[in-house]
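Coordinates in review
So the chains spell out like this:
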Amino acid sequence: MLRSHYSSEIGEKDYEKNITIAGWVEDIRNLGGIAFAVLRDKYGRMQITAIKKNDEQLFKKFVSLTRESVIMAEGKCQKNEKVINGWELLLDKMEILSMAAAPLPMGVVDKVNVDFDTRLDNRVIDLRKDENKAIFEIRDAFIKYASEYLEKKGFLNVHTPKITAMSSEGGTEVFKINYFGKIAYLVQSPQLYKQMLMATGFDRVYEIAWYFRAEEHDTTRHLNESTAVDIEMAFIDSEKDVMKIAEEMTDYAVERILDENSKQLDLLHVSPDMPSLPYKRIRYDEVVEILQKEMDFKWGDDIGTDEENLLSKNVDEKIYFIVDFPLEAKPFYAMPRGKYARAFDLEFNGMEISSGAQRIHDYKMLLKRMEELEINTKNFEEYLNAFRYGMPPHGGFGYGIERFLMRFLNLKNIRECILFPRDRKRLVP
Ligand code: AMO
């Protein structure tokens with residue numbers, strides 16, 4: 001037996017014909033002489049009807065099915081106006097591919113709300129729900145369209161190491177691992193490598209990157225393992241060239257998702273209306289003025305969650321850049337402009353979804369900056385070497401995929417946007 005159709009492929013042409021469908025038994029009702037099951041596959045659902053008097057053995061096997069068992073069913077496709085889609089399969093033959101244990105740890109179609117931890121503990125079953133699948137279909141679309149945009153703009157897709165002996169770029173704790181007796185780290189971002197690649201002549205690179213951060217946060221917006229679209233581009237004039245890519249990439253991906261993924265957006269009840277380009281730019285100095293009206297905030301302070309929330313209440317746009325940060329607020333590699341850094345954050349409904357900068361490309365200037373910040377340059381020798389033999393001006397950004405999705409889809413917890421979240425307490429499944 002082999003699947004001949006997905007439920008969604010069945011149409012007028014198939015009525016009265018023999019078809020084979022396969023999937024999960026979502027629900028089963030035995031009315032004595034007749035029984036009905038709803039079979040769910042990747043694209044939808046279809047009713048299977050079994051009649052006792054047609055084949056008693058088959059009927060017995062059919063009604064013994066537990067919810068969420070996996071079957072392959074063959075039979076005639078017939079019209080039935082009373083059921084989903086207007087057709088049903090009149091069962092003729094059935095193969096049980098996997099009988100599901102009962103009871104289920106959580107339901108797939110039940111309207112009962114289970115708590116988030118139970119959902120994550122049973123993520124495989126949780127992901128059978130249409131609305132949860134839809135998040136990952138949009139996630140796939142976002143990555144596809146962001147990549148499509150970057151490819152069109154001449155960016156090369158790369159993969160940099162995730163295990164490194166080099167020190168991290170700073171600003172966060174990293175995971176230490178034992179690498180054949182040597183100390184190594186899981187990278188916090190591809191930062192150092194993507195900059196090194198600017199000395200190769202690739203000019204423009206991007207990576208769908210993994211970030212590993214040993215932060216002790218336990219919030220709805222932090223993960224210890226997260227993903228990002230990272231880019232780096234050479235021969236730029238300033239950070240403005242990088243910001244243009246960030247906003248155009250967002251706009252392109254959103255437009256494509258709106259065109260192609262209306263089914264998923266409807267399921268998630270979202271109709272995102274994004275502002276047109278260019279996105280608003282707010283200088284850090286203006287941010288200080290806005291915040292000082294309502295809270296204790298000094299020039300140079302970090303913009304944390306409370307500050308971001310307050311700021312977004314005072315800014316009309318839902319997505320905007322914060323620019324001209326104090327130099328001290330940004331990592332050592334950010335290009336200075338007086339007391340400011342040529343750096344930016346992209347905020348989406350009061351949460352940072354991306355940050356980037358023009359970087360220092362001059363070897364001596366970079367050394368000086370690292371020394372000012374009392375960074376041990378010995379730990380960065382390989383990185384620094386890349387700046388000694390010809391490094392063009394460059395910049396880039398890291399763009400959190402889960403953060404973007406959380407905001408774009410109005411989800412309350414970032415864990416909704418990654419298949420198997422890793423947080424302080426969760427290492428399984
Ligand atoms: P940053 O540390 O700001 O910058 O990270 C870039 C983006 O990655 C996402 N992000 C996270 N998402 C979920 N959980 C986390 N713990 C987490 N940490 C970061 C955010 C953030 O905006 N190297 C620089 C980028 C660059 O300059 O190119 C960097 O890593 O959306």
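First, a word on what this report is: a plain description of the structure on this page. (Residues numbered from 1 in each chain as written. Predicted model: local features only at pLDDT ≥ 70, side-chain atom pairs only at ≥ 80, totals over all residues. Heavy atoms only, no water.)

**A closer look at the nonpolar core**
Just so we agree on the cut-off: Within this scheme, the nonpolar core is defined by two criteria: the residues are buried Ala, Val, Leu, Ile, Met, Phe, Trp, Tyr or Cys, and they are joined through side-chain atoms within 4.5 Å. Burial status follows relative accessibility: with a 1.4 Å probe on protein chains alone, a residue under 20% of its type maximum counts as buried, one over 50% as exposed, and anything between as partly exposed. Helix and strand labels come from DSSP, where a helix needs a run of H or I of at least four residues and a strand needs a run of E of at least two; each type is numbered from the N terminus. In what follows, residue pairs with any heavy atoms lying within 4.5 Å of each other are defined as contacts.
Core analysis: the biggest nonpolar cluster contains 53 residues, and Phe-142, Ile-231 and Leu-409 have the highest contact counts within it. Counting residues per element, the ones that place at least two in this core are α4 (130-152), β11 (225-234), α6 (239-260), β13 (319-326), β15 (340-348), β17 (394-400) and α12 (401-408). For this core, the leading source of residues is α4, giving eleven residues. Leave out the neighbours within four places in its chain, and Leu-409 touches Ile-135, Ile-138, Leu-265, Leu-268 and Val-270. Judged by nonpolar contacts, the second largest core, of 22 residues, contains Ile-10, Val-25, Ala-35 and Ala-50.

**Things to note about the sheet that holds strand β5 (residues 87-98)**
Keep this limit in mind: One bridge is not enough; two strands pair if DSSP finds at least two bridges between them. Lines are fitted to the C-alpha atoms to define the axes, a helix being fitted only along its stretch in contact, and any angle between axes, read from their N-to-C directions, falls within 0 to 180 degrees.
Spatial ordering of the closed barrel is given by β1-β2-β3-β5-β4, a layout of five strands whose pairing is mixed. Ignoring strand direction, the axes of neighbouring strands in this sheet form an average angle of 55 degrees. Looking at chain direction, strand β1 (residues 18-30) and strand β2 (residues 34-41) are connected through six bridges and run antiparallel. Pairing of Ile-28 across the sheet is with Ala-37, part of β2.

**A word on the pattern of salt bridges**
Convention followed: In the sections that follow, a salt bridge refers to a side-chain nitrogen of Lys or Arg positioned within 4 Å of a carboxyl oxygen of Asp or Glu.
Applying the stated criterion to the full structure yields 40 salt bridges. Ionic pairing is found between Arg-40 and Glu-26, a salt bridge with its closest N-O pair at 3.0 Å. Remark: Glu-26 occurs in strand β1 and Arg-40 occurs in strand β2; sequence separation between them is 14 residues. The exposure class assigned to Arg-40 is buried, which follows from its relative accessible area of 3%. Taking relative accessible area as the criterion, Glu-26 reaches 6% and is therefore assigned buried. For Arg-426, the salt bridge is made with Asp-121, and the minimal N-O distance between the two is 2.9 Å. With a gap of 305 residues between them, Arg-426 in the segment after α12 and Asp-121 in helix α2 (residues 116-121) connect regions that are remote in the sequence. The class of Arg-426 is buried, set by a relative accessible area of 9%. Here Asp-121 falls in the partly exposed class, since its relative accessible area comes to 47%. Via salt bridges that share partners, Glu-26, Arg-40, Arg-45, Glu-68, Arg-128 and Asp-130 belong to a single interconnected network.

**Side note on the sheet that holds strand β7 (residues 163-164)**
Ordered by their spatial adjacency, three strands build an open sheet running β7-β9-β8, and the pairing between neighbours is antiparallel. Two strands lie at the open edges of the sheet, namely β7 and β8 (176-179), each paired on one side alone. As paired elements, β7 and strand β9 (residues 182-186) share two bridges and run antiparallel to each other. Bridge pairing links Ile-163 to Leu-186 in β9.

**What to know about a nonpolar patch on the surface**
The condition that has to hold: Patches were defined on residues exceeding 30% relative accessible area and lacking a salt bridge, with like-charge contacts within 9 Å and nonpolar side-chain contacts (Val, Leu, Ile, Met, Phe, Trp, Tyr) within 5 Å. Per-residue accessibility takes into account occlusion by the displayed protein chains alone, with areas from the Shrake-Rupley method and a 1.4 Å probe.
A contiguous nonpolar surface patch, about 250 Å² in accessible area, is contributed by Val-124, Leu-419 and Phe-420. With respect to the helices and strands, the residue Phe-420 is situated in the segment after α12.

**Describing the packing of helix α8 (residues 284-292) against helix α9 (residues 305-314)**
Stated precisely, the cut-off is as follows: To sort the angles, those under 35 degrees are grouped as roughly parallel, those over 145 as roughly antiparallel, those from 65 to 115 as roughly perpendicular, and the leftovers as oblique. Three classes are used, and their members are as follows: Ala, Val, Leu, Ile, Met, Phe, Trp, Tyr, Cys and Pro are nonpolar, Asp, Glu, Lys and Arg are charged, and the others, Gly among them, are polar.
Relative orientation of the contacting elements α8 and α9 amounts to 90 degrees, with a least axis distance of 10 Å. Comparing the axis directions of α8 and α9 gives the class roughly perpendicular. When α8 is examined against α9, the residues Val-287, Ile-290 and Leu-291 are found in contact with a partner set consisting of Glu-307, Leu-310, Leu-311 and Asn-314. By residue class, the composition of the contact of α8 with α9 is five nonpolar, one polar and one charged.

**Comments concerning the packing of aromatic side chains**
Counted only if it meets this: We call Phe, Tyr and Trp rings a pair once their centres come within 6.5 Å, taking the six-membered ring for Trp, and we label the pair stacked below 30 degrees between planes, edge-to-face above 60, and tilted otherwise. Consider the ring centre and the ring normal. A charge sits over the ring if Lys NZ or Arg CZ is within 6 Å of that centre and within 35 degrees of that normal.
All chains considered together, the criterion is met by 20 aromatic pairs. Seen in terms of ring centroids, Tyr-179 and Phe-180 are 4.9 Å apart; in terms of plane orientation they differ by 65 degrees. Their pairing is edge-to-face. Relative accessible area serves as the criterion here: at 77%, Phe-180 is assigned to the exposed category. Look at Tyr-383 and Phe-387: their rings are 5.0 Å apart centre to centre, the planes differ by 65 degrees, and that puts the pair in the edge-to-face class. In this structure, Arg-283 is placed above the aromatic ring of Tyr-340, and the distance from its NZ or CZ to the ring centre is 5.3 Å. Sitting above the plane of the Phe-325 ring, Lys-330 keeps its charged end 4.3 Å from the centroid.

**Brief notes about empty space enclosed by the protein**
Here is the rule: With a 1 Å grid spanning the protein atoms alone, the term cavity applies to any set of points in which a 1.4 Å probe fits but cannot get out, the term pocket to an open set with protein on both sides within 12 Å along at least five of seven lines, and the term lining residue to any residue with an atom within 4 Å of a point. Grid points are joined across faces, edges and corners, and a volume is the space filled by probe spheres set on the points.
Scanning all chains against the criterion turns up one cavity of 30 Å³ or more. Considering only enclosed or pocket space, the largest cavity measures out at about 120 Å³ in volume. For the largest cavity, the lining is made up of 15 residues, of which Thr-164, Ser-167, Ser-168, Val-187 and Leu-192 are closest to its centre. Counting only elements with at least two residues in the lining of the largest cavity, the list comes to β9 and α5 (191-197). For the lining of the largest cavity, the element with the most residues is α5, which contributes three residues. Within the lining of the largest cavity, the residues separate by chemical class into eight nonpolar, six polar and one charged.

**Side note on the layout of surface pockets**
Quantified by volume, the largest pocket comes out at close to 1300 Å³. What lines the largest pocket is a set of 48 residues, among which Arg-213, Glu-215, Glu-352, Ser-355 and Arg-403 lie closest to the centre. For the lining of the largest pocket, the elements supplying multiple residues, two or more each, are α5, β11, α9, β15, β16 (352-358), β17 and α12. For the lining of the largest pocket, the element with the highest residue contribution is β16, accounting for six residues. Per-class residue counts for the lining of the largest pocket are 14 nonpolar, 18 polar and 16 charged. Lining the second largest pocket are 25 residues, and of these Asn-113, Arg-119, Lys-129, Glu-131 and Asn-132 lie nearest its centre. Top contributing element to the lining of the second largest pocket by residue count: α4, with four residues. For the lining of the second largest pocket, the residue count by class is ten nonpolar, four polar and eleven charged.

So far we have only geometry, and geometry alone does not tell us how the molecule works.
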